[in-house]
Amino acid sequence: MKTLKDCEKACRVKVLKLNTKGDLKQRLISFGIMKEAILEVLEHAPAKSTIEVKIGKMRIALRAQEAQLIEVEKI
Amino acid sequence: MNTIEKQCPITANHIKVALVGQPNVGKSMLINSVSNAHLHVGNFSGVTVDKTEVLFDYKKYHFTVVDLPGTYAFTDYTIEERVTHDYLCAEDYDIIINVVDSTNLEKNLQLTSELLTMSKKVIIALNMSDEAEKENIIIDAEYMSELIGVPCIKVSAATKMGIANLIDAVVMKHESSKNRPKLVFSEPVEEEIAQIVWYLDKHKFQSENSYRNIAINLLKNNKRTYEELHDEPIWTELQPILIEASKHIELHHDSDDVKEAFAEEYASFNRGVVAEVVKQESVKEKKTLTEKIDNILIHPIFGIPIFLFFMWALFQLTFEIGAIPMDYIDSFFIWLGDTIGATIANDDIRSMIVDGVIAGVGAVVLFVPNIIILFIGIALLESTGYMSRVAFLLDGFFHKFGLHGQSFIPLVTGFGCSIPAYMSARILKNDRDRLLTLFIIGFMSCGARLPVYVLFAGAFFSPDMAGNILFFIYVSGAMLGLIAAKVLKLTAFKGVDEPFVMEMPKYRLPSVKLIWHTVLTKTMMYLKKAGTFIAGAAMLVWFLSNYPHNLTLQQEYASKIEMAVSESEKMHLQNKLDEALLEQSYLGSIGKFSEPIFEPLGFDWKMSVALQTGLAAKEVVVSTLGVLYALGSDVDQESNSLVTAISENISFASAIAFIVVIMIYLPCLAASIVFTREAGHIKYFFYLFFFTSVTAYVMAFIAYHITLLIV
Ligand SMILES: Nc1nc2c(ncn2[C@@H]2O[C@H](COP(=O)(O)OP(=O)(O)OP(=O)(O)O)[C@@H](O)[C@H]2O)c(=O)[nH]1
Ligand SMILES: [Mg+2]
């Protein structure tokens, strides 16, 4: 199983599943991070603690812990 | 809640408009451009954290526009989102203007879809049309209005384009009937909706909202709709239908979460709308400008050094440029004191005005240039979009200290003033994170402390070092804050880490006008405070330091002075008299009384008093020192500037300890009140008082003794 956390810079992926519940899931969904969404990894913060992804025209920063909950597949 | 008042004729028609939209789409700026309000605008999510009403008149109508915090979805995830959610559900208003970002329509429409299921009149403002044009995005607003069933108006808050159209549309909508939004779902969902509608219709259910909307809300598990229907007689029959319907929808979406299913429904509807109405002439560059800039500014290796460099440069400028007009301001107040003093015959009143008010206020106004530069720096950070980048860069680092990356935003705001910083901590969802942030905001030295630092840095360091010292003070304050956060996290605010998910806005070149207004508003506030609160405090300090009069002491010295032979001896005696009088004044007694407490830190009684008056406001520290040293030691008339007085009367080690206390101890009275309100309980104020006082004392003690050893 591959998660967003494992993705390198500039890699494009499709979201398969959100392994989370409740508030965080709501927030991710409201950002458009849901099934079928296409993400592109733009940048990692120092020590890869935080990553920046692009979805549609929006850029979103999230922590590695959160990225780990997003199951993706490479496209 | 702020209200900007404006008179209106009683006969005018009132229209109350709620401005709703996702964060950072330009709601506040839109209000500024339709009225003459100056709401806070910034290029990051979560600028507005409280509702604000603005009144203005247009044609024969009287408008009340309510600016609400931005919200990504119609939920109550953070406190500020709750403000919007609760407002929309519970308050009375006539119409919603849903502000959307034209350059990112698809995502913005997610919220729009949710708004459309409320029984309210809605208008969509397609904001940022100017930006859309630049990016070659063409939106067919008329077609879009037709597709969604809601008026869509192109506007730009920045260029004021389309504003009149928007208001006209609001008026028109206000006069006409509710809209019938044409939100279409996938077939299985439509079937379920139809069934519930049929059921409601059969029982002739009474409601303000349409049956269709009620059905959608029920299927979405909307809490409020549930509560409303729960006590109705039809509920017993309705419930099994709903359960069945939810199952079907979940099955269809292969998900166990209806909310997610509906989000997908909305997304596919919106995708359809966008595909129909948006034409993007693709001159597709591979990378947008924002991404190119980001390649440098959030570079994993260079990102943080670049940020530190910006900070350093800011403080360098603060000191260097701020020092230029200082002499003029200083001589202006001396001139003012002399001129006004000459017109007052009564000794006491003259002294009160000249040595009290003018010296006190002058000491504070002296630092306006520094403050302005600092404010410009913060305004740039806020309005370019760099703020969120730094939050991104520092999140990992912050996380190690138990802080949330988004804490960065209130913390940076804290460099300007603690009060808005406490408020903006609302963007943190988790109460523990928020309290933790509230506790350490005080470690970020606010603008009002800058005068104290500039004063001491100027008194004890050469001009080319002073800027670095300033930078060092701010950075070490912030570092102390981080350590304090770690300590608090390990003890008082234990708990699991909250997720960090944040939107990074595109870079925007702020207009000069915007920066000018932001800085002007803050500077005027500082000056107003100097003219009122600080002037009053200076007068009080003057009074306390001049009374009670001691006639015996005065007579005793008067005879001594008469007997003195040389001029210099007379002068010397006069100074001794002044000093003795000051020491037996009320303030002197307070100072003497508390001196033993501060003795271990190397403070004389004047410094002790200044720290205590500083509890009211940090500017008062400077004005108090100004009054005390203006009265006490007019050693020679040539150098009566405060900087000289400080460097002559205070030892280097004491000065360092003094700065440390200023850095750490309780922020001003007003900020303490806001802190207590935001923290939610008075007990937190006492914790804060205790925590900061002890930390300040211990750190100052250490700093004092280390400096004594070194120097
Ligand atoms: N080019 C352009 N920029 C705009 C326009 N409207 C707003 N902006 C910019 O967008 C940013 C956000 O504006 P705000 O008014 O603070 O946004 P808001 O919706 O109130 O944001 P929150 O209070 O965080 O919900 C600022 O940097 C504005 O300068 C516009 O019409 N055109
Ligand atoms: Mg706003």
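Position numbers for residues count from 1 along each chain, tracking the sequence in the order it is written. Chains and ligands are labelled sequentially in the order written, the chains with letters from A and the ligands with numbers from 1. Thresholds applied to this predicted model are a pLDDT of at least 70 for local features of residues and 80 or more for the giving and counting of side-chain atom pairs; totals over whole chains, interfaces and linings are not thresholded and use all residues. Note that the side-chain values use all heavy atoms of the structure and ignore hydrogens as well as water.

K.L.:
In this structure, what is going on with the overall build of chain B? I would like to understand it.
P.N.:
By the criteria applied, helices consist of DSSP H or I runs no shorter than four residues and strands consist of E runs no shorter than two, each listed in order from the N terminus. Counting its secondary structure elements, chain B contains 32 helices and 10 strands. Seen through its C-alpha atoms, chain B measures out along the principal axes to roughly 110 × 60 × 60 Å. With 711 residues in all, chain B has 57% of them scored as buried. Contact between two residues is taken to exist if any of their heavy atoms lie within 4.5 Å; hydrogens are not considered. Residue pairs in contact within chain B that sit at least 24 positions apart in sequence constitute 75% of those at least 6 positions apart. Using a 1.4 Å probe, accessible areas were evaluated by the Shrake-Rupley method; residue-level cover was limited to the displayed protein chains. In the structure as shown, chain B presents an accessible area of about 31,200 Å², 63% of it carried by carbon and sulfur atoms. His residues and chain termini do not enter the charge count, which takes Lys and Arg as positive and Asp and Glu as negative. One atom stands in for each charge, and that atom is NZ of Lys, CZ of Arg, CG of Asp or CD of Glu. Across chain B, the 56 positively charged side chains and the 79 negatively charged ones have centroids separated by 4 Å. Type-normalised accessible area, obtained with a 1.4 Å probe on protein chains alone, sets the label of each residue: buried when under 20%, exposed when over 50%, and partly exposed for intermediate values.

K.L.:
Help me understand the pattern of salt bridges in this model?
P.N.:
One side chain can pair with another of opposite charge once the charged atoms of both are near each other. When a carboxyl oxygen of Asp or Glu is within 4 Å of a side-chain nitrogen of Lys or Arg, the pair counts as a salt bridge. Tallied over the full model, the rule gives 26 salt bridges over all chains. Residue B:Asp395 pairs with A:Arg63 through a salt bridge whose shortest N-O separation is 2.8 Å. In this pair, B:Asp395 is assigned in helix H17 (residues 386-400) and A:Arg63 in strand E4 (residues 58-63), connecting two distinct chains. B:Arg350 serves as the salt-bridge partner of B:Asp347, at 2.6 Å between the closest nitrogen and oxygen.

K.L.:
Would you explain the domain arrangement of chain B in this entry?
P.N.:
A common measure of how large an interface is: the accessible area buried when the components associate. Residue and element names in this part refer to chain B. Taken as a whole, chain B is organised into domain 1 (14-175), domain 2 (187-293), domain 3 (311-499 + 507-514) and domain 4 (534-710). Centre-to-centre separation of domain 3 and domain 4, based on C-alpha positions: 22 Å. Contacts between the two partners involve 43 residues from domain 3, matched on the other side by 46 residues from domain 4. Between domain 3 and domain 4 lies a buried interface of about 4,000 Å² when both sides are counted; carbon and sulfur atoms form 81% of it. Among the salt bridges present, the one from Arg426 reaches Glu678, with a minimum N-O distance of 2.9 Å. Counted as a polar contact is a pair of N or O atoms within 3.5 Å, where, for protein atoms, one must be capable of donating a hydrogen and the other of accepting one, and residues adjacent in sequence contribute only when both atoms are in side chains. For the interface between domain 3 and domain 4, the tally reads six residue pairs in polar contact (both at pLDDT 80 or more). Those elements that provide at least two residues to the side of domain 3 that touches domain 4 are helix H14 (326-343), helix H15 (347-365), helix H19 (418-424), helix H20 (431-441), helix H21 (450-460) and helix H22 (463-491). When residues of the side of domain 3 that touches domain 4 are assigned to their parent elements, the largest contribution, 11 residues, is made by H15. In the scheme used here, Gly and all other residues not listed as nonpolar or charged are polar, with Ala, Val, Leu, Ile, Met, Phe, Trp, Tyr, Cys and Pro taken as nonpolar and Asp, Glu, Lys and Arg as charged. Broken down by class, the residue content of the side of domain 3 that touches domain 4 amounts to 28 nonpolar, nine polar and six charged. Either an automatic procedure or a domain database provided the assignment from which the domain bounds are taken. By buried area we mean the combined loss of accessible area, with a 1.4 Å probe, across both parts when two parts are placed together.

K.L.:
Honestly, the sheet that holds strand E10 (residues 501-504) of chain B in this entry has me stumped. Any pointers?
P.N.:
Across a sheet, strands are paired by hydrogen bonds formed along the backbone, either parallel or antiparallel in direction. Strand order across the open sheet formed by six strands is E5(A)-E1(A)-E2(A)-E3(A)-E4(A)-E10(B), with antiparallel pairing between neighbours. Whereas interior strands pair on both sides, the edge strands pair on one side only; in this sheet they are strand E5 (70-74) of chain A together with E10 of chain B. Within the sheet, the average angular offset between the axes of one strand and its neighbour, ignoring direction, is 40°. Here, any two strands with at least 2 DSSP bridges between them count as paired. Examined bridge by bridge, strand E1 (residues 12-18) of chain A and E5(A) share five bridges and lie antiparallel to one another. Along E5(A), the bridge assignment pairs A:Lys14 with A:Glu73. To define axes, lines are fitted to C-alpha atoms, for helices over the stretch in contact only, and angles between the resulting N-to-C directions are given on a 0 to 180 degree scale.

K.L.:
Would you explain the side chain of B:Arg434 in this entry?
P.N.:
Residues and elements named next belong to chain B. Mapping Arg434 onto the fold places it in helix H20. We classify Arg434 as buried; its relative accessible area is 6%. Setting aside residues up to four positions removed in sequence, Arg434 forms contacts with Ile79, Ala425, Arg426, Leu428 and Glu678.

K.L.:
Sorry, what's going on with the site of ligand 1 here?
P.N.:
All names here are of chain B. Only heavy atoms are used to decide nearness, and a residue is near a molecule or strand if one of them lies within 4 Å of it. Near ligand 1 lie 24 residues; those nearest to it are Lys27, Ser28, Thr48, Asp130 and Ala157. In the environment of ligand 1, an oxygen atom lies 2.7 Å from a nitrogen or oxygen atom belonging to the side chain of Lys27. For ligand 1, the accessible surface in isolation is 650 Å², of which the surrounding protein chains cover 95%. Put simply, the parts of the chain that give the shell around ligand 1 at least two residues each are helix H1 (27-34) and helix H4 (129-134).

K.L.:
Mind showing me how you'd approach the coordination of the magnesium ion (ligand 2) here?
P.N.:
Ideal values for angles at a metal depend on the geometry: 109.5 degrees with four tetrahedral donors, 90 or 180 degrees with six octahedral donors. Each metal site is built from N, O and S donor atoms within 2.8 Å (3.2 Å for Na, K and Ca), and since water is not included, such sites may look incomplete. At the metal site, the magnesium ion (ligand 2) is ligated by B:Ser28 (OG) and B:Thr48 (OG1), and these contacts range over 1.9 to 2.0 Å. With a gap of 20 residues between them, B:Ser28 in helix H1 and B:Thr48 in the loop between H1 and strand E3 (52-58) connect regions that are remote in the sequence.

K.L.:
Hey, could you run me through the side chain of B:Ser585 in this one?
P.N.:
Residue and element names in this part refer to chain B. Tracing the sequence through the fold places Ser585 in the loop between helix H25 (567-583) and helix H26 (586-598). At 2.7 Å, the side chain of Ser585 forms a polar contact with the backbone oxygen of Leu582. Every residue in contact with Ser585, bar those within four places of it in the chain, is listed here: Leu544, Ser545, Asn546, Tyr547 and Pro548.

K.L.:
When you look at helix H30 (residues 652-664) of chain B in this model, what are you seeing that I'm missing?
P.N.:
For an α-helix the count is 3.6 residues per turn, leaving residues at separations of three or four pointing the same way. Residue and element names in this part refer to chain B. What a helix should span is 1.5 Å times the count of its residues minus one. In this model H30 runs 19 Å from its N-terminal to its C-terminal C-alpha over 13 residues, within 8% of the 18 Å that 1.5 Å per residue would give. Of all 13 residues in H30, 11 are buried; the element is thus mostly enclosed. Buried residues of H30: Ala653, Ser654, Ala655, Ala657, Phe658, Ile659, Val660, Val661, Ile662, Met663 and Ile664, and no others.

K.L.:
Explanation requested: the environment of A:Leu42 in the structure shown.
P.N.:
All names here are of chain A. Its location among the elements puts Leu42 in strand E2 (residues 38-44). Accessibility expressed as a relative area gives 13% for Leu42, which makes it buried. Spatially, the C-alpha atoms of Leu42 and Cys11 are 8.0 Å apart, while their sequence positions differ by 31 residues.

K.L.:
Would you mind showing me how to read the pairing of strand E2 (residues 13-21) of chain B here?
P.N.:
Note on strand geometry: in a regular strand, side chains alternate between the two faces of the sheet. All names here are of chain B. Alignment of E2 against strand E4 (residues 61-67), held across seven bridges, turns out to be parallel. Note on E4: the bridge partner recorded for Asn13 is Tyr61. As defined by bridge partners, E2 adjoins strand E5 (residues 95-101) across five bridges and the pair is classed as parallel. Bridge pairing in E5 links Ala18 to Ile96.

K.L.:
I'm lost on the packing of aromatic side chains in this one. Help?
P.N.:
Aromatic ring pairs are described here by two measures, namely the spacing of the ring centres and the angle between the planes. All names here are of chain B. The rule is short: rings of Phe, Tyr and Trp, with Trp giving its six-membered ring, pair when the centres are within 6.5 Å, and they are stacked under 30 degrees, edge-to-face over 60, tilted in between. Enumeration according to the criterion identifies 38 aromatic pairs over all chains in this entry. With a centroid separation of 5.4 Å and 65° between ring planes, the pair formed by Tyr422 and Phe675 is classed as edge-to-face. Of this pair, Tyr422 sits in helix H19 while Phe675 is found in helix H31 (residues 669-679), placing the two residues 253 residues apart along the sequence. The exposure classification of Tyr422 matches that of Phe675, with both residues buried. Summarising the aromatic geometry, the rings of Trp542 and Tyr547 are spaced 6.1 Å apart at their centres and angled 75° between planes, so their arrangement reads as edge-to-face. Taken together, the aromatic side chains of Tyr422, Phe439, Phe443, Phe493, Phe675, Tyr684, Tyr687 and Phe691 make up a single cluster linked through ring pairs. In this structure, Lys120 is placed above the aromatic ring of Tyr93, and the distance from its NZ or CZ to the ring centre is 4.4 Å. Whether a charge lies above a ring is judged from NZ of Lys or CZ of Arg, which has to be within 6 Å of the ring centre and within 35 degrees of the ring normal. Looking at Lys618, its charged tip hangs above the ring of Tyr665, at a distance of 4.4 Å from the centre.

K.L.:
Looking at this model, I keep getting lost on H20(B). Mind explaining?
P.N.:
Residues and elements named next belong to chain B. Within H20, nine of the 11 residues are buried, which leaves it mostly tucked inside the rest of the structure. Residues of H20 that are buried: Asp433, Arg434, Leu435, Leu436, Thr437, Leu438, Phe439, Ile440 and Ile441. Packing partners of the buried residues in H20 comprise helix H2 (79-90), helix H18 (408-416), H19, H22, H31 and helix H32 (682-710).

K.L.:
Sorry, what's going on with the nonpolar core here?
P.N.:
Taken as a class, soluble globular proteins show a tendency for nonpolar side chains to be buried jointly. All names here are of chain B. Only buried residues count toward a nonpolar core, which is a set of Ala, Val, Leu, Ile, Met, Phe, Trp, Tyr and Cys residues joined through side-chain atoms within 4.5 Å. Within the largest apolar cluster, 134 residues are counted, with the highest numbers of intra-cluster contacts made by Phe408, Phe456, Phe603, Leu625, Ile646 and Phe658. Looking at this core, the element that brings in the most residues is H22, giving 12 residues. In contact with Phe658, other than residues within four places in its own chain, are Val452, Phe456, Phe603, Met607, Ala610, Leu611, Val621 and Leu625. Phe74, Leu116, Ala261 and Phe269 belong to the second largest nonpolar core, which has 57 residues in total.

K.L.:
For this particular structure, what's the right way to read the pairing of E10(B)?
P.N.:
Both faces of E10(B) are covered, namely the face carrying B:Val501 and B:Glu503 and the face carrying B:Met502 and B:Met504. Both E4(A) and E10(B) contribute to a ladder of four bridges, which runs antiparallel. Following the sheet pairing, A:Arg59 is matched in E10(B) by B:Met504.

K.L.:
Whenever I open this one, the interface of chain A and chain B confuses me. Can you help?
P.N.:
With 31 residues of chain A at the interface, the matching set in chain B holds 48 residues. Taking both partners together, chain A and chain B bury about 3,300 Å²; carbon and sulfur atoms supply 56% of that area. Considering only the surface of chain A that becomes buried against chain B, A:Arg27, A:Arg59 and A:Arg63 emerge as the three largest contributors, covering 22% of it. Where chain A packs against chain B, one counts five salt bridges. The residue B:Glu81 makes a salt bridge to A:Arg27 at a minimum N-O spacing of 2.4 Å. Within the residue set of the side of chain A that touches chain B, elements represented by two or more residues are helix H1 (22-30), E2, strand E3 (50-55), E4 and helix H2 (64-67) of chain A. The element contributing the most residues to the side of chain A that touches chain B is H1(A), with eight residues.

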